[in-house]
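Structure at a glance
Letter by letter, the chains look like this.
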Amino acid sequence: MTSLLQQNDPAVFEAIENEVRRQNDGLELIASENFVSREVLQAMGTAFTNKYAEGLPGKRYYGGCQFADVVEDLARDRAKALFKADWVNVQPHSGASANAAVYLATMNPGDTFLGLDLAHGGHLTHGSPVNFSGILYKAEYYGVEKSGPLAGRIDMDRVREKALAIRPRMISIGASAYSRDFDYEAFRAIADEVDALLWLDMAHTAGLIASGVLNDPMDHCHIISTTTHKTLRGPRGGMILIGNDFENPFGKVAPKSGRVKRMSELLDSAVFPGMQGGPLMHVIAGKAVAFAEAGREEFKTYSAQVVKNAAAMAQEFVDRGYEVVSEGTDNHMCLIDLRNKKLTGKEAEAVLGQAEITVNKNMVPFDDQSPFVTSGIRLGTPAMTTRGLVEDDFRRIVSLMDRALMNGDDEAKLAAVRADVFEICQAFPLYDTVLA
Ligand SMILES: *Cc1c(COP(=O)(O)O)cnc(C)c1O
């Protein structure tokens, strides 16, 4: 059966078809990616994309929002149940949008915050000089240890020393490339000691937190932001939650009314009209579907498998003489330092790409290469675990990666690896049709 799109816009259809084939036929090891269900795809490909729904359910600036209200309330109620939160905003278009709203709600331009060093696994929105967060606010950093028993890990005594020295308005936790869990209780003690807000950006780990396989931040962090498309396995988007005992200790005064607002009010108005216009209702429909999926028992089993697979993958790399940052992982990803293998991250990404293994080059802590070259690669298990792979499959994948990396200029050997990759992909089918 040919679809309307195939008939009437073959160029776009062909690009979609090729992308679906690429996703089906390769090993997806990018730690920030996942594969959504067909139900999520279907919810997103709907007429909700036509609807303007500025405002919140029951309080919209447009008519005709009765069904937008239904779908956004479903998303909000399911997110609250999933994370045991009292308040959530599901409208941020992305993780970066959610973070922008967090800053807007809590900080004044020029205020200081303390976050994880980008070169040690932090995210661009945690103070990079090329991002609004570094342009508008004063970013200070904590990092991971270079050596000793905590090599590759955060030393909380150092975080405390730094916080006492700079007295930030906000302390942020969260990372794009940190494979260890966070001690939220210790972070909160430090935040309380210096009268700072504690913000967690759980973009990478939200699904694992929802499933209870990582520490629960909700009793300790004031504000929690996230993406919805990484381990949470929903559509591309963002979301903001408030932790359990939040009382707006800072009482930021709203600029117009002069009234001390509750944090939920500040965050709602920071998302809209502060940062965004109309919410993407088709994506919010997809979020509602994904949050229900993430509340099911199968998702808990999935998340536990994601972590087991990452541990097996990291251990296999260690056994093969690779340097794994912090020598292992607590979560869904690991970071490989390739310096002892005389390879850069850029070279490794290219060679693995030739074998249809998709990874991303990544800075490792104390890297001496530029961000365009890097000394490492970042690997994650969420996507391939969705396809059904378990520990032994990941050990096999590491052996394939090792073979590819050690034979980067041998076209025949790379072709052999590619054939094995294809065989694995065939055994774990993904999407059976091009359109949802
Ligand atoms: C991925 C990520 C983001 C940004 O998410 P986008 O949806 O790409 O904007 C923000 N923070 C962290 C820690 C991330 O890993």
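Residues numbered from 1 in each chain as written. Predicted model: local features only at pLDDT ≥ 70, side-chain atom pairs only at ≥ 80, totals over all residues. Heavy atoms only, no water.

**What about the side chain of Asn331?**
Its place among the elements puts Asn331 in the loop between β11 (323-324) and β12 (333-337). In terms of polar contacts, Asn331 uses its side chain to reach the backbone carbonyl oxygen of Tyr178, at 3.0 Å. (Helix = DSSP H or I, 4+ residues; strand = E, 2+ residues; numbered from the N terminus. Polar contact = N/O pair within 3.5 Å; in protein donor to acceptor, adjacent residues only side chain to side chain.)

**So, the domain arrangement of the protein**
Segmenting the protein into domains produces domain 1 (25-34 + 297-427) and domain 2 (43-294). On a C-alpha basis, the centres of domain 1 and domain 2 stand 28 Å from each other. Of the roughly 2,300 Å² buried at the junction of domain 1 and domain 2 (both faces included), carbon and sulfur atoms supply 60%. The largest per-residue losses of area from domain 1 upon contact with domain 2 belong to Phe299, Asp330 and Phe366, which jointly make up 30% of the total buried on that side. Inspection of the domain 1/domain 2 interface yields 1 salt bridge. (Domains from an automatic or database assignment. Buried area = accessible area lost by both parts, 1.4 Å probe. Salt bridge = Lys/Arg side-chain N within 4 Å of Asp/Glu carboxyl O.)

**Describing the site of the ligand**
Around the ligand sit 13 residues, and of these Gly95, Ala96, Ser176, Asp201 and Lys230 come closest. For the ligand, an oxygen atom lies 2.9 Å from a polar atom in the backbone of Gly95. Side-chain polar atom of Ser176 to an oxygen atom of the ligand: 2.9 Å apart, as the coordinates give it. The fraction of the free accessible surface of the ligand (380 Å²) that becomes covered by protein chains is 85%. Counting residues per element, the shell around the ligand draws most heavily on helix α5 (residues 95-106), at 3 residues. Among the residues making up the shell around the ligand, the classes are represented as 3 nonpolar, 8 polar and 2 charged. (Near = heavy atom within 4 Å. Areas by Shrake-Rupley, 256 points an atom, 1.4 Å probe, with all protein chains shown as cover. Nonpolar A, V, L, I, M, F, W, Y, C, P; charged D, E, K, R; others polar.)

**Observations concerning the sheet that holds strand β8 (residues 197-201)**
Spatially, β4-β10-β9-β8-β7-β5-β6 is the arrangement adopted by the 7 strands of the open sheet, whose pairing is mixed. The open sheet has two edge strands with one neighbour each: β4 (88-89) and β6 (138-142). Pairing geometry for strand β5 (residues 112-116) and strand β7 (residues 170-173), over 2 bridges, is parallel. Directly across from Leu114, in β7, lies its bridge partner Ile171. (Pairing = 2+ DSSP bridges.)

**Concerning the pattern of salt bridges**
A side chain with one charge may pair with a side chain of the opposite charge, provided their charged atoms come close. Scanning the entire structure with this criterion turns up 21 salt bridges. Where Arg320 meets Asp402, a salt bridge forms, and the shortest distance between an N and an O atom there is 3.1 Å. Taken together, the positions of Arg320 in the loop between α12 (297-319) and β11 and Asp402 in helix α15 (residues 391-406) put the pair 82 residues apart, joining distant regions of the chain. A salt bridge links Arg395 to Asp392, with the shortest nitrogen-to-oxygen separation between them at 2.5 Å. One end of the pair is Arg395 and the other is Asp392, both in helix α15 and 3 residues apart, which spans about a single turn. On the basis of relative accessibility, which here comes to 33%, the residue Arg395 falls in the partly exposed class. On the basis of relative accessible area, Asp392 is assigned to the exposed category, the value being 54%. One connected set of salt bridges, linked through shared partners, spans Arg60, Asp69 and Glu72. (Buried < 20%, exposed > 50% of the residue type's maximum accessible area, 1.4 Å probe, protein only.)

**A word on the packing of α15 against helix α16 (residues 411-427)**
With their axes 9 Å apart at the nearest point, α15 and α16 run at an angle of 160° to one another. Here α16 runs roughly antiparallel to α15, going by the angle between their axes. The interaxial crossing formed by α15 with α16 has left-handed handedness. Residues Arg396, Ile397, Leu400, Arg403 and Ala404 of α15 pack against Leu414, Ala416, Val417, Asp420, Val421, Glu423 and Ile424 of α16. Its residues assigned to classes, the contact of α15 with α16 shows 8 nonpolar, no polar and 4 charged. (Axes fitted to C-alpha atoms, helices over the stretch in contact; angles between N-to-C directions. Parallel < 35°, antiparallel > 145°, perpendicular 65-115°, else oblique. Left-handed = near helix turned anticlockwise from the far one by under 90°. Contact = heavy atoms within 4.5 Å.)

**A few points about a nonpolar patch on the surface**
Taken together, the side chains of Leu5, Val12 and Leu435 present a nonpolar region at the surface, about 200 Å² in accessible area. Tracing the sequence through the fold places Leu435 in the segment after α16. (Patch = residues over 30% accessible without salt bridge, like charges linked within 9 Å, V, L, I, M, F, W, Y side chains within 5 Å.)

**Describing helix α2 (residues 10-25)**
End to end, α2 covers 22 Å across 16 residues, agreeing with the expected 22 Å (1.5 Å per residue, within 8%). Listed as buried for α2 are Phe13, Val20 and Asn24. Seen from one end, α2 has its buried residues packed into an arc of 40°, which puts them on one side. Buried positions along α2 lie against α1 (4-8) and α16. (Expected span 1.5 Å × (residues − 1). Arc of directions from axis to C-beta.)

**Digging into the sheet that holds strand β14 (residues 360-362)**
Strand order in this open sheet of 4 strands is β11-β12-β15-β14, and the pairing throughout is antiparallel. In the strand order of this sheet, the two ends are held by β11 and β14, each with one partner. Where β14 meets strand β15 (residues 376-380), 3 bridges bridge the pair, whose relative direction is antiparallel. The partner of Lys361 across the bridge, within β15, is Ile377. Of the strands in this sheet, β14 and β15 touch helix α13 (residues 345-354), which is tilted by about 50° from β15.

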